[in-house]
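The primary structure of each chain is shown beneath.
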Amino acid sequence: MAGRTRPIREGHSVALVMAGLPSDVTDLIADERVTFLRRARQQYIGRIEDGEVKLALRRSVEAAGKTIEPEALELAAASIGGFAYMLQLVGYFMWEEA
């Protein structure tokens, strides 16, 4: 699900990007307490190529001043299987372990 970027203070834009399992996303959007999600624009992005997954993970790690072994990067990409939700989940646990 992705929301449109809109200017906020001092002309800066903000976007909220979340990934989730379809059934959980449907349940969340149906919740009356989160009306901002129903107004957001949903976008199905499909599977993410392994090369893009590895690039995103490596850039995130390097941006934090850290490194990742090629074998760890391959294992992470294989376990993600191209799913945005899994990229979010695996990335989170990698960060926690580091």
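Preceding block: the structure.
Residues numbered from 1 in each chain as written. Predicted model: local features only at pLDDT ≥ 70, side-chain atom pairs only at ≥ 80, totals over all residues. Heavy atoms only, no water.

**Points about the packing of helix α4 (residues 70-80) against helix α5 (residues 84-97)**
Turning to step 1, where the next piece is worked out: Across the interface, α4 lies against α5 with an axial gap of 9 Å and an inter-helix angle of 145 degrees. Note on packing geometry: the crossing formed by α4 with α5 is right-handed. Facing α4, whose interface residues are A76, S79 and I80, α5 presents M86, L87, V90 and M94. (Axes fitted to C-alpha atoms, helices over the stretch in contact; angles between N-to-C directions. Helix = DSSP H or I, 4+ residues; strand = E, 2+ residues; numbered from the N terminus. Left-handed = near helix turned anticlockwise from the far one by under 90°. Contact = heavy atoms within 4.5 Å.)

**Things to note about the nonpolar core**
Turning to step 1, where the next piece is worked out: Within the largest apolar cluster, nine residues are counted, these being V53, L57, V61, I68, L73, A76, A77, I80 and V90.
Turning to step 2, where the next piece is worked out: Residue assignment for this core shows that the elements contributing at least two residues are α3 (50-63) and α4.
Turning to step 3, where the next piece is worked out: Not counting residues within four places of it along the chain, the set of residues in contact with L73 comprises K54, L57, R58 and I68. (Core = buried A, V, L, I, M, F, W, Y, C linked by side-chain atoms within 4.5 Å. Buried < 20%, exposed > 50% of the residue type's maximum accessible area, 1.4 Å probe, protein only.)

**Re the environment of G81**
Turning to step 1, where the next piece is worked out: Tracing the sequence through the fold places G81 in the loop between α4 and α5.
Turning to step 2, where the next piece is worked out: A C-alpha to C-alpha distance of 22 Å links G81 and Q42, two positions 39 residues apart in sequence.

**Structural notes on the pattern of salt bridges**
Turning to step 1, where the next piece is worked out: As enumerated under the stated definition, the model contains three salt bridges in all.
Turning to step 2, where the next piece is worked out: Among the ionic pairs, R33 bridges to D31, the shortest N-O distance being 2.7 Å.
Turning to step 3, where the next piece is worked out: Take D31: its relative accessible area is 22%, and that puts it in the partly exposed class.
Turning to step 4, where the next piece is worked out: E62 serves as the salt-bridge partner of R58, at 3.2 Å between the closest nitrogen and oxygen. Of this pair, R58 and E62 are both found in helix α3, four residues apart, which corresponds to roughly one turn of the helix. (Salt bridge = Lys/Arg side-chain N within 4 Å of Asp/Glu carboxyl O.)

**Things to note about a nonpolar patch on the surface**
Turning to step 1, where the next piece is worked out: On the surface, a cluster of nonpolar side chains totalling about 340 Å² of accessible area is made up of L16, M18, L28 and F36.
Turning to step 2, where the next piece is worked out: Within the secondary structure, L16 sits in the loop between β2 (13-14) and α1 (22-30). (Patch = residues over 30% accessible without salt bridge, like charges linked within 9 Å, V, L, I, M, F, W, Y side chains within 5 Å. Areas by Shrake-Rupley, 256 points an atom, 1.4 Å probe, with all protein chains shown as cover.)

**Concerning the packing of aromatic side chains**
Turning to step 1, where the next piece is worked out: Applying the stated criterion across every chain yields a total of one aromatic pair.
Turning to step 2, where the next piece is worked out: A ring pair is formed by Y92 and F93, whose centres lie 5.1 Å apart and whose planes are at 75 degrees; its orientation type is edge-to-face.
Turning to step 3, where the next piece is worked out: The partly exposed category is assigned to Y92, whose relative accessible area is 46%.
Turning to step 4, where the next piece is worked out: Looking at F93, the relative accessible area reads 47%, which means it is partly exposed. (Phe/Tyr/Trp six-rings, centres within 6.5 Å; stacked < 30°, edge-to-face > 60°.)

**Some points on α4**
Turning to step 1, where the next piece is worked out: Residues of α4 that are buried include every one of L73, A76, A77 and I80, and no others. The buried side chains of α4 occupy one side of the element, clustering within an arc of 95 degrees when seen end-on. Exposed side of α4, more than 90 degrees from the buried face: E71, L75 and A78 are the residues found there.
Turning to step 2, where the next piece is worked out: Those residues of α4 that are buried lie in contact with α3 and α5.
Turning to step 3, where the next piece is worked out: Count one or two residues on from α4 and you reach G81, which has phi positive near 60 degrees. (Arc of directions from axis to C-beta.)

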